[in-house]
Amino acid sequence: MTPEPARILLADDHALVRRGVRLILDAEPDLKVVAEVSDGHEAVAAARSQPIDLAILDIAMPRMTGLQAARELAAVRPDVRVLMLTMYDNEQYFFQALKAGASGYVLKSVLDRDLIEACRAAMRGEPFLYAGAVTRLVRSYLDRVRQGIDLPAQILTAREEEVLKLVAEGNSSKEIAEILTISIKTVERHRSNMLQKLGLRDRLDLTRYAIRAGLLEP
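Residues numbered from 1 in each chain as written. Predicted model: local features only at pLDDT ≥ 70, side-chain atom pairs only at ≥ 80, totals over all residues. Heavy atoms only, no water.

Asker: Whenever I open this one, the sheet that holds strand E2 (residues 31-37) confuses me. Can you help?
Answerer: Sheet strands pair by backbone hydrogen bonding; their relative direction is either parallel or antiparallel. An order of E2-E1-E3-E4-E5-E6 is seen for the six strands of this open sheet, with the pairing classed as parallel. Two strands in the sheet have a free side with no partner beyond their single neighbour: E2 and strand E6 (128-129). One ladder, built from four bridges, connects strand E4 (residues 81-86) with strand E5 (residues 104-107); its direction is parallel. Pairing of Met 84 across the sheet is with Tyr 105, part of E5. (Pairing = 2+ DSSP bridges. Helix = DSSP H or I, 4+ residues; strand = E, 2+ residues; numbered from the N terminus.)

Asker: Is there a simple way to think about the pattern of salt bridges in this case?
Answerer: Where charged atoms from two side chains of opposite charge come close, those side chains can pair. Using the criterion set out here, one finds 19 salt bridges in the structure. As a salt-bridge pair, Asp 30 and Arg 120 come within 2.8 Å of each other at their nearest N and O atoms. In this pair, Asp 30 is assigned in the loop between helix H1 (15-26) and E2 and Arg 120 in helix H5 (residues 111-123), connecting sequence segments 90 residues apart. Residues participating in the shared-partner salt-bridge network are Arg 18, Arg 22, Asp 26 and Glu 36. (Salt bridge = Lys/Arg side-chain N within 4 Å of Asp/Glu carboxyl O.)

Asker: Hey, could you run me through the packing of helix H9 (residues 184-198) against helix H10 (residues 203-212) in this one?
Answerer: Two numbers describe how H9 lies on H10: the axes approach to 11 Å, and their chain directions differ by 70 degrees. In this view, H9 runs roughly perpendicular relative to H10, as classed from their interaxial angle. The two elements H9 and H10 cross, and the hand of that crossing is left-handed. Of the residues in H10, those touching H9 at Arg 191, Met 194, Leu 195 and Leu 198 are Arg 203, Leu 206 and Tyr 209. Split into classes, the residues belonging to the contact of H9 with H10 amount to five nonpolar, no polar and two charged. (Axes fitted to C-alpha atoms, helices over the stretch in contact; angles between N-to-C directions. Parallel < 35°, antiparallel > 145°, perpendicular 65-115°, else oblique. Left-handed = near helix turned anticlockwise from the far one by under 90°. Contact = heavy atoms within 4.5 Å. Nonpolar A, V, L, I, M, F, W, Y, C, P; charged D, E, K, R; others polar.)

Asker: Can you walk me through H5 in this structure?
Answerer: Since there are 3.6 residues in each turn of an α-helix, residues three or four apart along the chain are aligned in direction. In this model, H5 (13 residues) spans 17 Å end to end at C-alpha, consistent with the 18 Å of a helix rising 1.5 Å per residue. When we look at burial in H5, the residues that qualify are Leu 111, Asp 114, Leu 115, Ile 116, Ala 118, Cys 119, Ala 121 and Ala 122. Where H5 terminates, the next one or two residues include Gly 125, which has phi positive at roughly 80 degrees. (Expected span 1.5 Å × (residues − 1). Buried < 20%, exposed > 50% of the residue type's maximum accessible area, 1.4 Å probe, protein only.)

This is the structure we're talking about:
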């Protein structure tokens, strides 16, 4: 009997990108896109509500990034494998993706070459990284180890990251409270805690930090 194709959830806030990725994947007999969403919140909800084997998540999405969604999926659906899809050849994003539980990191610029291979590697339980980045990333990591510089620890909680991203996107405390179904007072407490933890002063500083942390596109 022919095995069932891997069921894929595709999350990207650009419809044209989703369409292109779907065309690539659905042409393969062992891969099938069964759900499309436009942000991380929708990705987590879709994974909760239907059978999914593999989630392909864009890193930069509104409301909840792919990195945040990957961490959430690792908690609620640890059986689902995750690939990060991005236009950024960025060391920080790569290491954050690994820490979030992703098994692969694919550049949009080489989708046609790497995407299918990355999906199949993920389904085999193997890691995937596009070839051009391996040497540079390993060298950078080893340099940090030699210098005694560890990778940064997670400073903010998952909820604080959610609030931070929404603050940086320009949402008011009231809007954030409605999106996250929490009180305005709780939003303000999270904002105050973040400023204190990060040693920052205001919304502008938080927005700059969100960009550096990969929560918001520059």
